[in-house]
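One letter stands for each residue in the lines below.
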Amino acid sequence: MENIFQDKIDKEIRIEPKDWMPEKYRQTLIRQISQHAHSEIIGMLPEGNWITRAPSLKRKAILIAKVQDEAGHGLYLYSAAETLGISRDEMYDQLHTGKAKYSSIFNYPTLSWADMGVIGWLVDGAAIMNQVPLCRSSFGPYARAMVRVCKEESFHQRQGFEILYVLSKGTAAQRKMAQDAINRWWWPSIMMFGPKDDESPNSIQSMKWKIKRFSNDELRQKFIDVCAEQVKVLGFTLPDKDLKWNEERGHYDFGEINWDEFWQVIAGNGPCNKERLDARKKAWADGEWVRAAATAHAAKKSNKLKAA
Amino acid sequence: MSFSTIKHYYGDYGEAKNGAADISTNNQSKEEWPLWEIFIRSKQGLDHKHAGSLHAADAAMAIENARDVYTRRMEGVSIWAVESKYIHASNPVESGSLYDPANDKAYRHPTFYDLPEEVKYM
Ligand SMILES: [Fe+2]
Ligand SMILES: [Fe+2]
Ligand SMILES: [Fe+2]
C-alpha cells in the first residue's frame, strides 16, 4: 500500500480524500492545513486594527477587501482540512485552547499606518513565496485551495508595496514612519519560513510526500534576494548590516536570525499572543447566540415545510 | 461488479475511520452547522462546477455565504448548494473495475478510423 501510494506521488498523481493514504500523511496534512487556516483567521486581527483609522476612504475600502479575503482563505483551508476527517468545531477548539499553532508573525503589534504597507509587502510576500509551490501539493483539496488563495494574494502584496511607495514620496515624518515599520517587521518576516533546515526534521518526509516542495532555507533565501532589490525602489533599507550581495553564491548573504525570539513567540510569549487569542475567543463566544438563532430558525422553517 | 453502498461525504475518508491518530475527530458538536457543497456557474452557457464547501444553517444561508466566500471577484453568475450528506460518490478502490472496460474500446473515438486523404470536413 505504502509503495503504491509513494509511486502515485512520484508520478505527480494527486491524492484525493477518499484514496488510501498513510496515517502519518493524513496527520501531517491536518496539522499543516489547519495551522495555515488558523493563520489566515488570526491574521485578520493585526490589520483589522487599522480599518477604522485608515487615512482615506480608498485605503479603508482596500483594507476591508483584503481582510475579507483573508477570512475567505481561512474558510477554503478549513474545508480542505475537513476532507481529511477532522470537524470544523474541533479545529476551532484546538485554536482556542492553544493546542494548535498559527504563524508567529501575527503575534507582533501593528503600531502605525505604515505597518499596513509592510504587512502587505513582507508578510503577504513571504506567504506567497511559501504558497505558490503549495499549489502543486500532492493533496488535491489543499492544492486547489492554494490556487484560489494565490490568485488573491497578489493584490495584497501590491497594495502593501504601494502604501510604502506613496509614503516614500511623502514627508520626512512619513518616510521615518515607513522605515521604522520595515525595521520592526523585517526579522519576524524572514522567521516566517520556519526553523533552519537542519532543525526541522519533519521537512524531509514532507518533501518526499510532496506536501512541501522547497525547504525553509531555500524559500527564505529566495525571499531575501527579492526584497533586498525591492527595498531599493522604495529608497529604504533593511535592518541587517550583514546583508550583502555574494557574487559567488549568486545570493544575498544575511545576518544571524534570533531563533530564541522565534521559539519564544511560538511558545506563546510573543508581544500579542494573549491579545490575539483572547480576541478570537471573544468573537467565537459573542457569536454563540447568532449561531444558535440561525439553527433554531432553520429547524423552524423545515418543520413548517414538513407540516405543510 | 459490486457497487459500494457506503455513503461518502465529499472528501470523507469513510465512516468507519476517523482521521489522524493523535488528532481525535470525535468532537463534532451537535450545534455545528451542516456542511454544503457549492457549485458555481462562472458564465452563462457553462456548467456549474464544484468550487468547495462551507457550513451553513440552511440552504438560503449556504447560498449567501457562497456568494461571499467563492464569488468576491465575479467568479459566478449562478450558485448551487447541496448538503454534503446527499452526495453519493463512486468508490476509488473500485475505480479499476468501474472504468477499465472503456479502456479497450478505442473504436469509440473518431481517431480510430483511417480515411483516405481526399475526404474533407469529416
Ligand atoms: Fe496567507
Ligand atoms: Fe491569505
Ligand atoms: Fe494575504
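Read on for a plain summary of the structure. Per-chain numbering applies: the sequence of each chain, read as written, is numbered from 1 onward. Chain labels run from A onward and ligand labels from 1 onward, assigned in the order the entries are written. For a predicted model such as this one, the threshold for reporting local features is a pLDDT of at least 70, and the threshold for listing and counting side-chain atom pairs is 80 or more; totals across whole chains, interfaces and linings nevertheless cover every residue. Neither water nor hydrogens contribute to the side-chain values; these are computed over all heavy atoms in the structure.

**Side note on the overall build of chain A**
A run of DSSP states H or I qualifies as a helix once it reaches four residues; a run of E qualifies as a strand once it reaches two. Both are numbered from the N-terminal end. Regarding its fold elements, chain A presents 13 helices and 2 strands. A globule of 308 residues ought to have a C-alpha radius of gyration of about 19 Å, and chain A, at 21 Å, matches this closely. In terms of overall dimensions, chain A has a C-alpha envelope of 70 × 50 × 35 Å along the principal axes. When accessible area is computed with a 1.4 Å probe and restricted to protein chains, residues below 20% of their type maximum are described as buried, those above 50% as exposed, and intermediate ones as partly exposed. Taken over 308 residues, chain A has a buried fraction of 54%. Contacts: residue pairs with any heavy atoms within 4.5 Å of one another. Contacts in chain A between residues far apart in sequence, at least 24 positions, make up 76% of those at least 6 positions apart. Here Asp and Glu are counted as negative and Lys and Arg as positive; His is not counted, and neither are the chain ends. Working definition for charges: the position is that of NZ of Lys, CZ of Arg, CG of Asp or CD of Glu. Taken as two groups, the 45 positive and 40 negative side-chain charges of chain A have centres that lie 7 Å from each other. Atoms counted for the radius of gyration: C-alpha only. Globule rule: 2.2 Å times residue count to the power 0.38.

**A closer look at the coordination of the iron ion (ligand 2)**
Metal-coordinating donors are taken as N, O and S atoms lying within 2.8 Å of the metal, or within 3.2 Å when the metal is Na, K or Ca; because water is left out, some sites can appear incomplete. The coordination sphere of the iron ion (ligand 2) contains the protein donors E40 of chain A (OE), E70 of chain A (OE), H73 of chain A (ND1) and E153 of chain A (OE), at a distance range of 2.0 to 2.2 Å. Every geometry call rests on angle ranges, with four donors termed tetrahedral when all angles are between 85 and 135 degrees, four termed square planar and six termed octahedral when opposite donors are over 155 degrees apart and all others are between 65 and 115, and everything else termed irregular. Classification of the site at the iron ion (ligand 2) as irregular follows from its 4 donor atoms and the range of 83 to 152° in their angles at the metal.

**A closer look at helix α1 (residues 59–70) of chain B**
Helix span, expected: 1.5 Å multiplied by one less than the number of residues in the helix. With 12 residues, α1 of chain B should reach 16 Å at 1.5 Å per residue; the first-to-last C-alpha distance of 16 Å fits that figure. Along α1 of chain B, the positions that sit buried rather than exposed are A62, A66, V69 and Y70 of chain B. Looking down the long axis of α1 of chain B, one finds its buried residues gathered within 75° of arc, a one-sided arrangement. Looking at the buried residues of α1 of chain B, the elements they touch are α4 (57–82) and α7 (140–168) of chain A together with β1 (35–41), β2 (48–55) and β3 (78–83) of chain B. Our arc is simply the arc of the directions from the helix axis toward the C-beta atoms.

**Comments concerning a negative patch on the surface**
Residues and elements named next belong to chain A. A surface patch of negative charge is lined by D197, D198, E199 and E218. By secondary structure assignment, the location of D198 is in the loop between α8 (172–191) and α9 (202–208). Residue classification places D198 among the exposed positions, given a relative accessible area of 67%. Excluding any residue in a salt bridge, patches collect residues exceeding 30% relative accessible area, merging like charges within 9 Å and nonpolar Val, Leu, Ile, Met, Phe, Trp and Tyr side chains within 5 Å. Here, Shrake-Rupley sampling with a 1.4 Å probe gives the accessible areas, and only protein chains in the shown set may cover a residue. One speaks of a salt bridge when a side-chain nitrogen belonging to Lys or Arg is within 4 Å of a carboxyl oxygen belonging to Asp or Glu.

**A look at the pattern of salt bridges**
All chains considered together, the criterion is met by 31 salt bridges over all chains. With its nearest N and O atoms 3.7 Å apart, the salt bridge here joins R26 of chain A to E23 of chain A. On the criterion of helical spacing, the pair formed by R26 of chain A and E23 of chain A is a turn pair, its members being 3 residues apart in helix α2 (residues 23–42). In this structure R26 of chain A comes out as buried when scored by relative accessible area, which is 0%. The exposure class assigned to E23 of chain A is partly exposed, which follows from its relative accessible area of 23%. Put simply, R72 of chain B and D69 of chain A hold a salt bridge, and the shortest N to O gap is 2.8 Å. In this pair, R72 of chain B is assigned in the loop between α1 and β3 and D69 of chain A in helix α4, connecting two distinct chains. Side by side, R72 of chain B and D69 of chain A carry an identical accessibility label, which is buried.

It is worth stressing that arrangement in space is one thing and function is another; only the former is reported here.
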